[in-house]
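What follows is the residue order along each chain.
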Amino acid sequence: MAVNGQWCLIESDPGVFSELIKEFGCNGLQVEELWSLDESAFSDLKPIYGLIFLFKWKGENEEQGKVLFGDTEVFFAKQVINNACATQAIISVLLNIQNPEIQIGDTLTQFKEFTAAFDPALKGMSLTNADRLREVHNSFARQNMFEFDSKIPEKDDDVYHFVAFVPFKGRVYELDGLKPGPIDHGSYTDDWISVVRPILQTRIAKHAATEITFNLMAVVGDKLLDLQKQLEGVAGDDAAAVGIKEKIRVEEEKRANYKIENIRRKHNYLPLIMEMLKILSEKGMLLPLTLKAKEKIAAKEAPKKESSMS
């Protein structure tokens, strides 16, 4: 939960971000998770309008690309929002889509027009105070019985960060809100992903020996709409239609699961949990169950302690 004006932590999940995009008012888009950097993994998702890359931030400067200062055509906002760098990365992708067939909706269109003349810092501040965007983001807040003051991460705390990669007018840009401006990674001809893949491979390889926490998601076209168009295009060809119908079934099942998962994420189970604990306490069952749970934990930890001492 978040108090007024704050942005809460939300889960980084394609189902969450697909619904975020929809609630922002965008049509014709969804988010997919990538498990490989193989060329075939990207090919299956095209068209890809942007990539969102999660990694453990260590404050190191990457030598790839050129940071642009001053006014640029590509939308870029400085990160001034706590807990919302993933949502900011997704919004940065959405506001740089050049395909006229993609409708980003009134909320994002008005925000983009309002901030068009702002510098990156002021764009970031404007995003912080965008009530509708914050409302949608916070609708995925984890339910907590108690509110804790947020703190600045300590030196040894793990800090994770999201950056976006987008194609824009023949060039590939990295949008990292912690940088002073967008990072230009050069031009491309037909396939902008061919520019990004080596960059990601280099960064992952650089930290692979000590770090395995990476996540990559793609903002792509609506797969269900595309499949439905394909089905219309093979009218009368029953053999071709069978395969497309199966893909439609799989996509609809996936979206149904996303919907259930998001309902569960948003539901407040805390009153039920507290009532169950109250009933167990009244029946004298809470303390014995607590002690039994502690015994199970101790039994699991015992082998670990013995192996560490040997």
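This structure is a prediction, so every number in the text was calculated from the model and none was measured.

Draft legend 1. Region of interest: the overall build of the protein. Scanning the protein from N- to C-terminus turns up 11 helices and 7 strands. Taken over 310 residues, the protein has a buried fraction of 39%. For the protein, long-range pairs separated by at least 24 residues make up 75% of all intrachain contacts whose partners lie at least 6 apart in sequence. Accessible area of the protein: about 18800 Å², with a carbon and sulfur share of 54%.

Draft legend 2. A look at the packing of aromatic side chains. Overall, the coordinates contain 5 aromatic pairs when judged by the stated rule. Ring geometry for Phe-114 and Phe-118: centres 5.3 Å apart, planes at 80°, overall edge-to-face. The exposure class of Phe-118 is partly exposed, given its relative accessible area of 22%. With centroids separated by 6.4 Å and ring planes inclined at 70°, the aromatic side chains of Phe-168 and Tyr-173 adopt a geometry described as edge-to-face. With respect to class, Phe-168 is no different from Tyr-173; both count as buried.

Draft legend 3. Highlighting empty space enclosed by the protein. Overall, the coordinates contain 1 cavity of 30 Å³ or more when judged by the stated rule. Its boundaries defined by the atoms lining it, the largest cavity holds a volume of some 60 Å³. Lining the largest cavity we find Phe-76, Ala-77, Gln-79, Cys-85, Gln-88, Ala-89, Ser-92, Phe-162, Leu-175, Asp-176 and Gly-177. Top contributing element to the lining of the largest cavity by residue count: helix 3 (residues 85–94), with 4 residues. Here the residues of the lining of the largest cavity sort into 6 nonpolar, 4 polar and 1 charged.

Draft legend 4. Highlighting the pattern of salt bridges. Within the structure shown, the criterion is met by 13 salt bridges. Note that Arg-132 and Glu-23 form a salt bridge whose closest N and O atoms lie 3.7 Å from each other. With Arg-132 in helix 6 (residues 131–138) and Glu-23 in helix 1 (residues 14–24), this pair connects stretches of sequence that are 109 residues apart. Across the pair Arg-255 and Glu-251 runs a salt bridge whose closest N-O atoms are separated by 3.1 Å. One end of the pair, Arg-255, and the other, Glu-251, are both in helix 9 (residues 238–266), 4 residues apart, so they sit about a helical turn from each other. Salt bridges sharing common partners tie together Glu-32, Asp-222, Glu-251, Lys-254 and Arg-255.

Draft legend 5. Structural detail: the side chain of Thr-115. Position of Thr-115 relative to the elements: it lies in the loop between helix 4 (105–114) and helix 5 (120–128). In this view, Thr-115 contacts Phe-75, Lys-123 and Ser-126; residues no more than four positions away in its chain are not counted.

Draft legend 6. Local environment of the sheet that holds strand 6 (residues 183–187). Ordered in space as 1-7-2-4-5-6-3, the 7 strands form an open sheet in which the pairing is antiparallel. The open sheet terminates on both sides in strands that have one partner only, identified here as strand 1 (29–34) and strand 3 (66–67). In this sheet, strand 7 (residues 214–221) lies alongside strand 2 (residues 48–56) in antiparallel orientation, the contact comprising 7 bridges. Looking at the pairing, Leu-51 lines up with Ala-218 of strand 7.

Draft legend 7. Summary view of the confidence of the model for the protein. Mean pLDDT over the protein works out to 85, with 87% of the residues at or above the 70 mark. Taken as a whole, residues 145–153 scores under 50 in pLDDT and shows 5 contacts with residues more than four places along the chain or in a different chain.

Draft legend 8. Here's a closer look at the packing of helix 1 against helix 6. Contact geometry of helix 1 with helix 6 gives a least axis separation of 10 Å together with a crossing angle of 150°. The angle between helix 1 and helix 6 falls in the class roughly antiparallel. Taken as a pair, helix 1 and helix 6 cross one another with a handedness that is right-handed. Residue-level contacts link Leu-20, Glu-23 and Phe-24 of helix 1 to Arg-132, Leu-133, Val-136 and His-137 of helix 6. Across the contact of helix 1 with helix 6, the residue classes tally to 4 nonpolar, 1 polar and 2 charged.

Draft legend 9. A look at the nonpolar core. Core analysis: the largest hydrophobic core is formed by 48 residues, its most contacted members being Phe-17, Leu-29, Leu-94 and Leu-108. In contact with Leu-108, other than residues within four places in its own chain, are Phe-24, Cys-26, Ile-91, Leu-94, Leu-95 and Leu-133. Core analysis: the second largest hydrophobic core is formed by 20 residues, Leu-37, Leu-51, Phe-55 and Val-172 among them.

The rules behind the values
- Residues numbered from 1 in each chain as written.
- Predicted model: local features only at pLDDT ≥ 70, side-chain atom pairs only at ≥ 80, totals over all residues.
- Heavy atoms only, no water.
- Helix = DSSP H or I, 4+ residues; strand = E, 2+ residues; numbered from the N terminus.
- Buried < 20%, exposed > 50% of the residue type's maximum accessible area, 1.4 Å probe, protein only.
- Contact = heavy atoms within 4.5 Å.
- Areas by Shrake-Rupley, 256 points an atom, 1.4 Å probe, with all protein chains shown as cover.
- Phe/Tyr/Trp six-rings, centres within 6.5 Å; stacked < 30°, edge-to-face > 60°.
- 1 Å grid on protein atoms, 1.4 Å probe; cavity = no way out; pocket = protein on both sides within 12 Å on 5 of 7 lines; lining within 4 Å.
- Points joined across faces, edges and corners; volume = space filled by probe spheres on them.
- Nonpolar A, V, L, I, M, F, W, Y, C, P; charged D, E, K, R; others polar.
- Salt bridge = Lys/Arg side-chain N within 4 Å of Asp/Glu carboxyl O.
- Pairing = 2+ DSSP bridges.
- pLDDT = per-residue confidence, 0-100.
- Axes fitted to C-alpha atoms, helices over the stretch in contact; angles between N-to-C directions.
- Parallel < 35°, antiparallel > 145°, perpendicular 65-115°, else oblique.
- Left-handed = near helix turned anticlockwise from the far one by under 90°.
- Core = buried A, V, L, I, M, F, W, Y, C linked by side-chain atoms within 4.5 Å.

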